[in-house]
Amino acid sequence: MPRLPVLSLMVFLFLIPVAGVAQNLNPHTIYETACARCHAPHAGAFVEENLEFVDGTQRGRATGDAVQSLLEDGHGRLDPEEIAVIVPFLREIGLSDRLFHRKCSICHGSANDLAHFDLFLRDGRLIGRYSGRDIAGFLEGHGRLDPGEIPRMLEVLERQRRIYQADVPAPQP
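Summary of the structure given here. Note that the coordinates shown come from a computational prediction; the quantities given were computed from them, not determined experimentally.

Topic: the packing of aromatic side chains
Summed over all chains, the structure comprises one aromatic pair. Pairing Y31 with F46 gives two aromatic rings, centres 5.8 Å apart and planes at 45°, and the pair type is tilted. Residue Y31 is located in helix 2 (residues 27-35), and its partner F46 is located in helix 3 (residues 43-50); the two are separated by 15 residues in the primary sequence. The buried category is assigned to F46, whose relative accessible area is 11%.

A few points about helix 5 (residues 80-96)
The α-helix winds at 3.6 residues per turn, so residues separated by three or four positions along the chain end up facing the same way. Compared with an ideal rise of 1.5 Å per residue, which puts 17 residues at 24 Å, helix 5 spans 25 Å between its outermost C-alpha atoms and is within 8% of the ideal. Buried residues of helix 5: I83, V85, I86, V87, F89, L90, I93 and S96, and no others. The backbone nitrogen of E81 lies 3.1 Å from a side-chain oxygen of the residue at the head of helix 5, namely D79. One or two residues past the end of helix 5 sits D97, with phi positive at roughly 60°.

Some remarks on helix 8 (residues 111-118)
Considered for burial, the residues of helix 8 that qualify are A111, N112, L114, A115 and H116. Buried residues belonging to helix 8 abut helix 2, helix 6 (99-103), helix 7 (105-108), strand 3 (119-122) and helix 10 (150-163).

Quick notes on the rules
Residues numbered from 1 in each chain as written. Predicted model: local features only at pLDDT ≥ 70, side-chain atom pairs only at ≥ 80, totals over all residues. Heavy atoms only, no water. Phe/Tyr/Trp six-rings, centres within 6.5 Å; stacked < 30°, edge-to-face > 60°. Helix = DSSP H or I, 4+ residues; strand = E, 2+ residues; numbered from the N terminus. Buried < 20%, exposed > 50% of the residue type's maximum accessible area, 1.4 Å probe, protein only. Expected span 1.5 Å × (residues − 1). Polar contact = N/O pair within 3.5 Å; in protein donor to acceptor, adjacent residues only side chain to side chain. Contact = heavy atoms within 4.5 Å.

Here it is as structure tokens:
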């Protein structure tokens with residue numbers, strides 16, 4: 001019977017939040033586990049359907065309340081670290097005008113997956129993992145993008161890449 005208390009202690013310690021983990025929180029995971037239970041399954045669809053910018057503040061269309069305030073008041077039951085991650089994430093989605101979804105998702109699925117699995121950073125520039133191409137130059141003739149949309153698309157992909165920068169190492173030259 002001495003194994004049971006040790007096992008119980010191990011399970012208890014596993015469930016305790018570890019200090020410093022917040023910096024590694026993934027906004028996609030937060031949305032999918034805390035928000036998608038009641039809202040759209042994808043954060044982009046949720047932002048498009050339910051949020052708007054009013055005087056530079058992202059607000060719920062139904063309530064007019066700021067997203068930050070809604071979450072701080074307990075909507076979603078997020079802790080402060082999760083709120084600090086999800087609010088700028090939702091804001092960035094709103095500012096991107098779902099460009100990736102409109103122009104690229106038909107072939108590439110999600111920006112999250114493309115950035116995570118198919119891109120890496122080299123000297124501050126996005127590079128195709130398998131082609132070795134500089135993505136900024138590649139987008140000039142790819143993806144039905146207007147020239148003015150390329151900088152915004154690079155921002156979207158770079159943001160997604162930053163979320164996962166520690167997950168997938170860059171290939172060795």
